[in-house]
Amino acid sequence: MTLSIIILAAGQGTRMYSDKPKVLHTLAGRPLLAHVYQTAVALTHREIHIVYGHGGEQVPETLQDFQASWVKQEEQLGTGHAVQQVFPNLPDVDNILILYGDVPLITEESLTILVDAASDSGFSLLTTHLDNPRGYGRIIRDEHENIVAIVEEKDATEEQRKICEVNTGFMVIKGKQLKLWVNALKNENKQNEYYLTDIVKLAVSDGVNVAPVIADSPIEVQGINTRIQLSEAERYYQLVQAHHLMRNGVGLIDPARFDLRGDLEIGRDNEIDINVVIEGRVKLGNNVTIGANCYLKDTIIADNVIVLPNTMIDSAVIGNGCRIGPFARIRPDTTLDENVHIGNFVELKKTDVGKGSKVNHLTYLGDSHVGMGTNIGAGTITCNYDGVNKHQTIIGDDVFIGSDVQLIAPVKINNGATIAAGATITKDVSENELAISRVEQKSISKWKRPTKK
Ligand code: UD1
Ligand code: CA
């Protein structure tokens, strides 16, 4: 039996109190809808149809690399109406799996079980038991424990609200029947919506057995309707990721204080202290230590690197044996060769630093090249921007730059040169030269300080 998949993602997400469509809110750095899509893609299927609507083209534009057919629901008249929008492109003979764009933690395993469960009667439904079922549709069973209806909370009686078995929203139905029942839906309910859930009643009256599958992990089927639920899902997801990394050898000091919003590739014997955030694609070699409160994004770090606390590294390549921070900021397009030391309050941008060079204190290097074995003194600033254009600073090998030097780019400091402290360098400096630009010191003896009037 071929499977077609529908993901419902047109709703507004009223309870988020946000102008952003709900399915674009992120979990572990990726839109909710991207999580559902990724799980759907892993199933053998004919086509994935995504119903969008609220927020207009924003949703398909943000997620344009999806291999899916996007179907617009102009008005959000309910989940049944949403499914109906796909009918012109939905084969009668397929089994149709319905997923919700705001239930991101569903697993491939659960969906596979659900798909298999539909093979007999042509209708299976994923339910779960919740201690607090508030907000969910309740599962109504008859005296033989057969499912006979789903009642939405807003339409439920006091008695029905006490039921703790809830509708997760996930179901598999034969295409032909789905069309028949959805086309027969009415919107006579508290929300005046065409509820997809009402097809259960129609199926039962047509003598079709609804095969239940009970999800054993309620968090997996948790719908995200509020920011509190989003944060709960986030913590759960982060812990799963953290434990996975730990099982593969990463030493996380506290898995509850670690956030990965992307992909982390790891070597052996890495240690990550608390409150580290990793975004995008980050690769760590062997023996890397990341101190507390660091932020790493789209960065490659080689072996034996120490990143000290409160350091930010974005889109950089860090060589073997480097030592960075504390309080360093490495900005995009920066490359550090082996054994480079970058110290506190140092900012690097579009800069490459050669083997063994040191930039230890209070420095800004932008659009620069630094050779090997060079020492950059405290307070060195490359003046790379004239207000209109950016210019390059080239510093050779074995250069010594004293403290508090301004290098007015474009400028080149050749190998072996020495720049005296306090210099403002506007002209190139040749090999092995000393450059000083300093007003000679004057002393006035017996100086009287001004007194307060
Ligand atoms: C829905 C179910 C409820 C279930 C719960 C599980 C219905 C009527 N109710 O309730 O039984 O317990 O999910 O999480 O189905 N959507 C559209 N178009 C619309 C309306 C909704 O695409 O016109 C999409 C939403 O974007 C969302 C999904 O359908 O992804 C569910 O809609 P939502 O409004 O969140 O339904 P719930 O009240 O959570
Ligand atoms: Ca929901």
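Residues numbered from 1 in each chain as written. Chains lettered and ligands numbered in written order. Predicted model: local features only at pLDDT ≥ 70, side-chain atom pairs only at ≥ 80, totals over all residues. Heavy atoms only, no water.

Brief notes about the pattern of salt bridges
When the charged atoms of two side chains with opposite charge come close together, those side chains can pair. Using the criterion set out here, one finds 14 salt bridges in the structure. In this structure, Asp 94 engages Arg 46 in a salt bridge whose closest nitrogen and oxygen atoms are separated by 2.7 Å. Remark: Arg 46 occurs in the loop between α1 (32-41) and β4 (47-52) and Asp 94 occurs in the loop between α3 (79-84) and β6 (95-100); sequence separation between them is 48 residues. Given a relative accessible area of 44%, Arg 46 falls into the partly exposed group. One salt bridge in this structure joins Asp 259 and Arg 235, with 2.9 Å as the shortest N-O distance. Linking Asp 259 in strand β13 (residues 258-265) with Arg 235 in helix α8 (residues 227-247), this pair joins segments that are 24 residues apart in sequence. (Salt bridge = Lys/Arg side-chain N within 4 Å of Asp/Glu carboxyl O. Helix = DSSP H or I, 4+ residues; strand = E, 2+ residues; numbered from the N terminus. Buried < 20%, exposed > 50% of the residue type's maximum accessible area, 1.4 Å probe, protein only.)

Some details on the layout of surface pockets
In this structure, the largest pocket occupies an estimated 1,500 Å³ of space. Every residue lining the largest pocket is counted, 46 residues in all, and those nearest its centre are Arg 15, Lys 22, Asp 102, Gly 135 and Asn 225. Secondary-structure elements contributing two or more residues to the lining of the largest pocket are β1 (3-9), α3, β10 (165-174) and α8. Looking at side-chain class alone, the lining of the largest pocket contains 15 nonpolar, 22 polar and nine charged residues. Looking at which domains feed residues into the lining of the largest pocket, each of domain 1 (3-221) and domain 2 (227-435) gives three or more. Lining the second largest pocket are 27 residues, and of these Arg 30, Gln 38, Tyr 237, Val 240 and Gln 241 sit closest to its centre. Secondary structure elements with two or more residues in the lining of the second largest pocket: α1, α4 (108-117), α8 and β13. At six residues, α8 tops the list of elements feeding residues into the lining of the second largest pocket. (1 Å grid on protein atoms, 1.4 Å probe; cavity = no way out; pocket = protein on both sides within 12 Å on 5 of 7 lines; lining within 4 Å. Points joined across faces, edges and corners; volume = space filled by probe spheres on them. Nonpolar A, V, L, I, M, F, W, Y, C, P; charged D, E, K, R; others polar. Domains from an automatic or database assignment.)

A look at the coordination of the calcium ion (ligand 2)
Only Asp 102 (OD) and Asn 225 (OD1) from the protein coordinate the calcium ion (ligand 2), and they sit 2.5 to 2.6 Å from it. Taken together, the residues span a long stretch of sequence, with Asp 102 in the loop between β6 and α4 and Asn 225 in the loop between β11 (211-214) and α8 at a distance of 123 residues. You can call Asp 102 buried: its relative accessible area is 14%. Asn 225 gets classed as buried once you look at its relative accessible area, which sits at 15%. (Donors = N, O, S within 2.8 Å, 3.2 Å for Na, K, Ca; no water.)

Focus on the site of ligand 1
As a structural note, the neighbourhood of ligand 1 is formed by 23 residues, with Gly 11, Gln 73, Thr 79, Glu 152 and Asn 167 the closest of them. Residue Thr 79 places a side-chain N or O atom 2.8 Å away from an oxygen atom belonging to ligand 1. A distance of 3.2 Å is found between an oxygen atom of ligand 1 and a side-chain nitrogen or oxygen belonging to Asp 102. Starting from 760 Å² of accessible surface for ligand 1 in isolation, the protein chains cover 91%. With respect to the pocket detection grid, ligand 1 is positioned in the largest pocket. At the level of secondary structure, the elements contributing two or more residues to the shell around ligand 1 comprise β1, α3 and β10. When the residues that make up the shell around ligand 1 are grouped by side-chain class, the tally is eight nonpolar, 11 polar and four charged. (Near = heavy atom within 4 Å. Polar contact = N/O pair within 3.5 Å; in protein donor to acceptor, adjacent residues only side chain to side chain. Areas by Shrake-Rupley, 256 points an atom, 1.4 Å probe, with all protein chains shown as cover. Sits in = over half its atoms within 2 Å of the grid points.)

What about unusual backbone geometry?
Following Gly 325, the chain continues to Pro 326 via a peptide bond in cis, the omega torsion being 0°. The topology assignment puts Pro 326 in the loop between β22 (323-324) and β23 (329-330). In this structure, Pro 410 follows Ala 409 across a cis peptide bond, with omega equal to 0°. Along the polypeptide, Pro 410 turns up in the loop between β31 (406-408) and β32 (411-413). Phi is positive for Asp 398, which is not a glycine, with a value near 50°. With respect to the element layout, Asp 398 can be found in the loop between β29 (393-395) and β30 (400-401).

What to know about the pairing of strand β25 (residues 341-353)
As judged from the two bridges shared by β22 and β25, these two strands associate in the parallel manner. Within the sheet, the bridge partner assigned to Ile 324 lies in β25 and is Ile 342. Bridge count for β23 against β25 is two bridges, and the pairing is parallel. Along β25, the bridge assignment pairs Ile 330 with Leu 348. The pairing of strand β24 (residues 334-336) with β25 spans two bridges and is parallel. Of the residues in β25, the one forming a bridge with Thr 335 is Asp 352. Across 10 bridges, the pairing between β25 and strand β26 (residues 358-370) is parallel. Of the residues in β26, the one forming a bridge with Asp 352 is His 369. (Pairing = 2+ DSSP bridges.)

What about the packing of aromatic side chains?
Working definition: an aromatic ring pair is given by the centre-to-centre distance plus the angle between the planes. Across all of its chains, the model carries six aromatic pairs by this definition. Note on Phe 327 and Phe 345: the rings are 5.3 Å apart at their centroids and 20° apart in plane angle, and the pair reads as stacked. On the criterion of sequence distance, the pair formed by Phe 327 in the loop between β22 and β23 and Phe 345 in strand β25 is long-range, its members being 18 residues apart. Judged by its relative accessible area of 41%, Phe 327 is partly exposed. Through pairs of rings, three or more aromatic residues link up here, namely Tyr 37, Tyr 52, Phe 66 and Trp 70. The ring centre of Tyr 385 lies 5.2 Å from the NZ or CZ of Lys 390, which sits over that ring. (Phe/Tyr/Trp six-rings, centres within 6.5 Å; stacked < 30°, edge-to-face > 60°. Lys NZ or Arg CZ within 6 Å of the ring centre and 35° of its normal.)

Overview of the side chain of Thr 334
Tracing the chain through its elements places Thr 334 in strand β24. Once you skip the residues sitting within four places of it in the chain, Thr 334 turns out to touch Ser 315, Ala 316, Val 317, Leu 348, Lys 349, Lys 350 and Thr 351. (Contact = heavy atoms within 4.5 Å.)

Comments concerning the domain arrangement of the protein chain
Here the protein chain is partitioned into domain 1 (3-221) and domain 2 (227-435). A separation of 47 Å is found between the C-alpha centroids of domain 1 and domain 2. Contact with domain 1, which involves 14 residues of that partner, is made by 10 residues of domain 2. For the pair domain 1 and domain 2, the summed buried surface comes to about 1,000 Å²; carbon and sulfur atoms form 67% of the total. Inspection of the domain 1/domain 2 interface yields two residue pairs in polar contact (both at pLDDT 80 or more). Where the side of domain 1 that touches domain 2 is concerned, the elements lending two or more residues are β2 (26-27) and α1. Here the side of domain 1 that touches domain 2 is composed, by residue class, of seven nonpolar, six polar and one charged. (Buried area = accessible area lost by both parts, 1.4 Å probe.)

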